[in-house]
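Report on the structure
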Amino acid sequence: MDTLAKAKENLENKGFLDIDTRNSTDYVSEINRLKKEKNAVILAHYYQEEAIQDIADFVGDSLQLAQEASKTDADIIVFCGVHFMAETAKILNPTKKVLLPDLKAGCSLADSCPPAEFKAFKAKHPDHKVVTYINCSAEIKTMSDIVCTSSNAVKVINSFPQDQKIIFAPDKNLGDYLNKETGRNMVLWDGACMVHEAFSIEKLLSISAEHPDAEIIAHPESPSHILKTASYIGSTAGLLKYARASKKNKFIVATEAGILHEMIKQVPGKHLIPAPVEEDNTCACSECFYMRMNTMKKLFLCLEHELPEIEVEKELAKAASIPIEKML
Ligand code: 13P
Ligand code: SF4
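An account of the accompanying structure is given in this report. As the structure is a computational prediction, the values presented were derived from the model and not from experiment.

What counts, and at which threshold
- Residues numbered from 1 in each chain as written.
- Chains lettered and ligands numbered in written order.
- Predicted model: local features only at pLDDT ≥ 70, side-chain atom pairs only at ≥ 80, totals over all residues.
- Heavy atoms only, no water.
- Near = heavy atom within 4 Å.
- Nonpolar A, V, L, I, M, F, W, Y, C, P; charged D, E, K, R; others polar.
- Axes fitted to C-alpha atoms, helices over the stretch in contact; angles between N-to-C directions.
- Helix = DSSP H or I, 4+ residues; strand = E, 2+ residues; numbered from the N terminus.
- Parallel < 35°, antiparallel > 145°, perpendicular 65-115°, else oblique.
- Left-handed = near helix turned anticlockwise from the far one by under 90°.
- Contact = heavy atoms within 4.5 Å.
- Polar contact = N/O pair within 3.5 Å; in protein donor to acceptor, adjacent residues only side chain to side chain.
- Areas by Shrake-Rupley, 256 points an atom, 1.4 Å probe, with all protein chains shown as cover.
- Phe/Tyr/Trp six-rings, centres within 6.5 Å; stacked < 30°, edge-to-face > 60°.
- Buried < 20%, exposed > 50% of the residue type's maximum accessible area, 1.4 Å probe, protein only.
- Pairing = 2+ DSSP bridges.
- Arc of directions from axis to C-beta.

1. Quick notes on the site of ligand 2
Taken together, Tyr 47, Val 82, Cys 107, Ser 108, Asn 135, Cys 193, Val 195, Glu 221, Cys 288 and Met 291 form the complete shell of residues around ligand 2. Residues belonging to the shell around ligand 2 are distributed by class as follows: seven nonpolar, two polar and one charged.

What follows is the structure, given as structure tokens:
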């Protein structure tokens, strides 16, 4: 191989030069080989692209992934999800190497709660306990009494006496839903997920009228006008469980479209319709831009080079682990 070809290959392997013509399936054997050689485990959220879900050792919702990360004996955790999820895995496994295929895979909801502003907000409510949704940064977790996910939020809130004043952050939609479910009046931080905010109620009602036999099932990060139409509201794992158990054969699913990959596998005979979004995109369904930053190529490169690695400063990790451990 001449010098130029070698330099190109080197750059391309490092992910700097994209002359790769391979498709997702070409990476499967390489990823499996590296995973075995390095004693790595691949954890993937239901919102990841299909090929990543298929190659993962474990696919789950935020709670299941945090639980899995807390008990793995692998040396390397490759977290196919977004930054706050990989950060949580690192906090729970300070001595392990935690990799995220694309370090820029953030979260609009986590970003909607900057630590300095939240600190000032918290200071205005000194007699309140703080419950934070796991979709937030480690800094926000250090200001929390307990963390929750969409699977266990009702249980976590109900673990406080009914008259205990609570701040819930960062998701106002989930917070509003929880206030109604638990009969509380929690103070809500004004944050939201851009994916769940994008559902169109007009289009949803029109699809629902076209399919009167379909049940609408929705993730609680969706706004209240969407949730009002739903027969079932739950986390991604909850939506899967409901679709399996329900006698209905048709569902309109209001959450990130990646869930449909697992749902089709779990309820093969049932008809699944992704809830429509305001703006038409190519699939007219809802995909999380951040979740989709991870690709099979980036997964392969990150396993090969053991980069990008998630680092959390020791003291920050120690403080953030307390409300996470409390939840687990
Ligand atoms: P769950 O995995 O808890 O359903 O949350 C969905 C989500 O938006 C993750 O970012
Ligand atoms: Fe964040 Fe929403 Fe994407 Fe989940 S779906 S990672 S909450 S932006």
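2. With respect to the packing of helix H14 (residues 236–245) against helix H15 (residues 259–266)
In the contact formed by H14 and H15, the axes pass within 10 Å of each other and the chain directions differ by 30°. Classified by the angle between their axes, H14 and H15 sit roughly parallel to one another. Handedness of the crossing formed by H14 with H15: right-handed. When H14 is examined against H15, the residues Thr 236, Leu 239, Leu 240, Ala 243 and Arg 244 are found in contact with a partner set consisting of Ile 259, Glu 262, Met 263 and Gln 266. Residues belonging to the contact of H14 with H15 are distributed by class as follows: five nonpolar, two polar and two charged.

3. Concerning the site of ligand 1
Around ligand 1, the structure places 14 residues, and the nearest of them are His 45, Ser 62, Ser 150, His 219 and Thr 236. Side-chain polar atom of Asn 135 to an oxygen atom of ligand 1: 3.3 Å apart, as the coordinates give it. Taking Ser 150, its side chain carries an N or O atom lying 2.7 Å from an oxygen atom of ligand 1. For ligand 1, the protein covers 96% of the area, taking 300 Å² as the surface of the free molecule.

4. Description of the packing of aromatic side chains
Going through the model one piece at a time under the given rule, you end up with seven aromatic pairs. Aromatic pair Phe 121 and Trp 189: ring centres 5.1 Å apart, planes at 85°, arrangement edge-to-face. Taken as a pair, Phe 121 in helix H7 (residues 115–123) and Trp 189 in the loop between strand E8 (187–188) and helix H11 (194–197) lie far apart in primary sequence, 68 residues in all. Neither residue differs from the other here; Phe 121 and Trp 189 are each classed as buried. Here the aromatic cluster, defined as three or more aromatic residues joined through ring pairs, consists of Phe 118, Phe 121 and Trp 189.

5. Comments concerning the sheet that holds strand E2 (residues 58–60)
Sheet architecture is open: four strands sit in the order E2-E1-E3-E4, paired in parallel fashion. Bordering the open sheet on either side are E2 and strand E4 (97–99), each of which pairs with just one other strand. Here the strands of the sheet are splayed against their neighbours by 20° on average, with no regard to which way each runs. Helix H16 (residues 296–305) rests against strand E1 (40–45), strand E3 (76–80) and E4 of the sheet, and its axis sits at about 160° to E3.

6. Regarding helix H12 (residues 201–210)
Of the residues making up H12, those classed as buried are Ile 201, Leu 204 and Ile 207. In a view along the axis of H12, the buried residues occupy a sector of 125°, so they form one face of it. Of the exposed residues in H12, the ones pointing more than 90 degrees away from its buried face are Glu 202, Ala 209 and Glu 210.

7. Considering helix H4 (residues 62–71)
The set of residues buried in H4 consists of Ser 62, Leu 63, Leu 65, Ala 66 and Ala 69. Buried residues of H4 fall within an arc of 165° about the axis and therefore sit on the same side. Contact partners of the buried residues in H4: E1, E2, E3, helix H5 (83–92) and helix H17 (314–327).

Keep in mind these values describe shape, not function.
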